[in-house]
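Remarks on the overall topology
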Amino acid sequence: MSSPTSTPTAFRTAIVPAAGLGTRFLPTTKAVPKELLPVVDTPGIELVATEAAEAGAQRLIIVTSPDKGAVADYFQPNPELEQTLKARGKDDLLAKVHRASELIEAETALQEKALGLGHAVGCAEDSLGEDDDAVAVLLPDDLVLPTGVLKRMAEVRAQHGGSVLCAFDVPREHISAYGVFDVADTDADDVKIVNGMVEKPAAADAPSTLAAAGRYLLDRAVFDALRRIEPGAGGELQLTDAVALLISEGHPVHVVVHHGGRHDLGNPGGFLKAAVDFALADPEYGPDLRDWLAERIDRS
């Protein structure tokens, strides 16, 4: 278990579970992994990797299935393409192409069967080094905005030890769609002690309105817990069950309540919202898109 004296940059490895079939994006995902679909011109997996790198991660372990090698390939150099762009003076495009391979050291761990988020995280254990006393887990379907919550989570781990998760305050009428935290206050308004979690409770039964988001900073002890929990529905190992086991054994778990926004890249509707949001903020595409949207809405 971690010590409260750990430094905020104590984690160097981030795990991104990316072995899913992307069924909600079929037929596109017959050939293109969902994680490589572009938010404007940048794949979601690069946005998530950038967030991890900005928080101090040096290694990215992409947990993927045997037929999704393109996700890891995206982070490798492409000398032929780079040489062509350089020869044509396409310096701006060359910089974009270089970005992913220079961002972080990426590697893969295979998940042969989709047996739950907990199982996916566990598949990365053999890739960890002895000094990986904590790992970040970022779900690629979730864009948490603005970026920076992992840095705050690292600060909380440095102060309290244990594991730290990210939470959003969700309107109670929508809370039944989420995993919900049972919490107690700390001296910091944005930090809560986690006493337990309830998965998709009825609104009236929810212990709070704090819902789990796709960011975790997990003590290495979580891998031992993953080996000791039982599969749930569908034979899947749930990461929340491993966290619940740690809590029951006295392992400190906190949440950071993030007051920004989020986009769900896991379904086409959420993906479109993210693309529009990012495009509106882009100086090249934003002005024209804003005018077009205003005109298009007026015609509705």
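Predicted model, so just to flag it, every value in this text is computed and none were measured. (Residues numbered from 1 in each chain as written. Predicted model: local features only at pLDDT ≥ 70, side-chain atom pairs only at ≥ 80, totals over all residues. Heavy atoms only, no water.)

1. Some words on the packing of helix H3 (residues 79-87) against helix H4 (residues 91-103)
Where we set the bar: Whenever a helix is involved, its axis is fitted only over the stretch in contact; in every case the axis is a line through C-alpha atoms, and angles between N-to-C directions fall within 0 to 180 degrees. We count a stretch as a helix when DSSP gives it H or I for four or more residues in a row; a strand needs E for two or more, and each element gets its number in order from the N terminus. Roughly parallel means an angle under 35 degrees; roughly antiparallel, over 145; roughly perpendicular, 65 to 115; everything else is oblique. Helix crossings get a hand from a simple test, with the near helix turned counterclockwise from the far one by less than a right angle marking a left-handed crossing and a clockwise turn marking a right-handed one. The contact criterion used throughout is that any non-hydrogen atoms of two residues lie within 4.5 Å.
Contact pair H3 / H4: the axes reach a minimum separation of 8 Å and the direction vectors enclose 160°. It follows that H3 is roughly antiparallel to H4 by the angle criterion. Crossing of H3 against H4: the hand is left-handed. Of the residues in H4, those in contact with Leu81, Glu82, Leu85 and Lys86 of H3 are Leu93, Leu94, Val97 and His98.

2. Quick word on the layout of surface pockets
Selection criterion: Cavity means a closed set of points on a 1 Å grid over the protein atoms alone, one where a 1.4 Å probe fits but cannot get out, pocket means an open set with protein on both sides within 12 Å along at least 5 of 7 lines, and lining means a residue has an atom within 4 Å of a point. Grid points are joined across faces, edges and corners, and a volume is the space filled by probe spheres set on the points. In the scheme used here, Gly and all other residues not listed as nonpolar or charged are polar, with Ala, Val, Leu, Ile, Met, Phe, Trp, Tyr, Cys and Pro taken as nonpolar and Asp, Glu, Lys and Arg as charged.
Here the largest pocket defines a volume of roughly 1,600 Å³. Forming the walls of the largest pocket are 45 residues, and the residues nearest its centre are Arg24, Leu117, Leu139, Asp141 and Gln238. Of all the secondary-structure elements, those providing two or more residues to the lining of the largest pocket are helix H5 (117-122), strand E10 (191-199), strand E11 (210-219), helix H8 (239-248) and strand E13 (261-264). For the lining of the largest pocket, the class distribution of residues is 19 nonpolar, twelve polar and 14 charged.

3. Points about the environment of leucine 85
Positionally, leucine 85 belongs in helix H3. Separated by 95 residues in sequence, leucine 85 and valine 180 have C-alpha atoms that sit 49 Å apart. Aside from chain neighbours lying at most four places away, what touches leucine 85 is Lys90, Leu93, Leu94 and Val97.

4. As for empty space enclosed by the protein
In the structure shown here, the tally under the stated rule is two cavities of 30 Å³ or more. Of the pockets and cavities examined, the largest cavity occupies roughly 60 Å³. For the largest cavity, the full set of lining residues is Lys34, Glu35, Leu37, Gly44, Ile45, Pro140, Asp141, Leu265 and Phe271. When the residues that make up the lining of the largest cavity are grouped by side-chain class, the tally is five nonpolar, one polar and three charged.

5. Some points on the environment of glycine 261
Looking at the element boundaries, glycine 261 is found in strand E13. On a C-alpha basis, the gap between glycine 261 and valine 144 in space is 6.1 Å, while along the polypeptide they are 117 residues apart. With sequence-adjacent residues up to four places away left out, glycine 261 is seen in contact with Leu143, Val144, Leu145 and Phe168.

6. Some details on the UniProt feature "domain: Nucleotidyl transferase" (unreviewed entry) in the protein chain
Going by this rule: UniProt positions are given in the numbering used here, feature names are shortened, and annotations may be inferred rather than shown by experiment.
Taken from the UniProt record, the annotation "domain: Nucleotidyl transferase" (unreviewed entry) applies to residues 14-277. Taken end to end, residues 14-277 comprises 32% helix and 27% strand; its first and last C-alpha atoms sit 26 Å apart.

7. Focus: the environment of alanine 213
Tracing the chain through its elements places alanine 213 in strand E11. Residues alanine 213 and aspartate 141, spaced 72 residues apart in sequence, show a C-alpha to C-alpha distance of 10 Å. The contacts of alanine 213, once residues within four sequence positions are left out, are Asp142, Cys166, Ala167, Phe168 and Arg262.

8. A closer look at unusual backbone geometry
In this chain, leucine 26 is followed by proline 27 through a cis amide linkage whose omega measures 10°. Looking at the secondary structure, you find proline 27 in the loop between strand E1 (13-17) and strand E2 (38-39). Of the consecutive residues leucine 145 and proline 146, the connecting peptide bond is found in the cis state with omega at -10°. Structurally, the position occupied by proline 146 is in the loop between strand E7 (142-145) and helix H6 (149-160).

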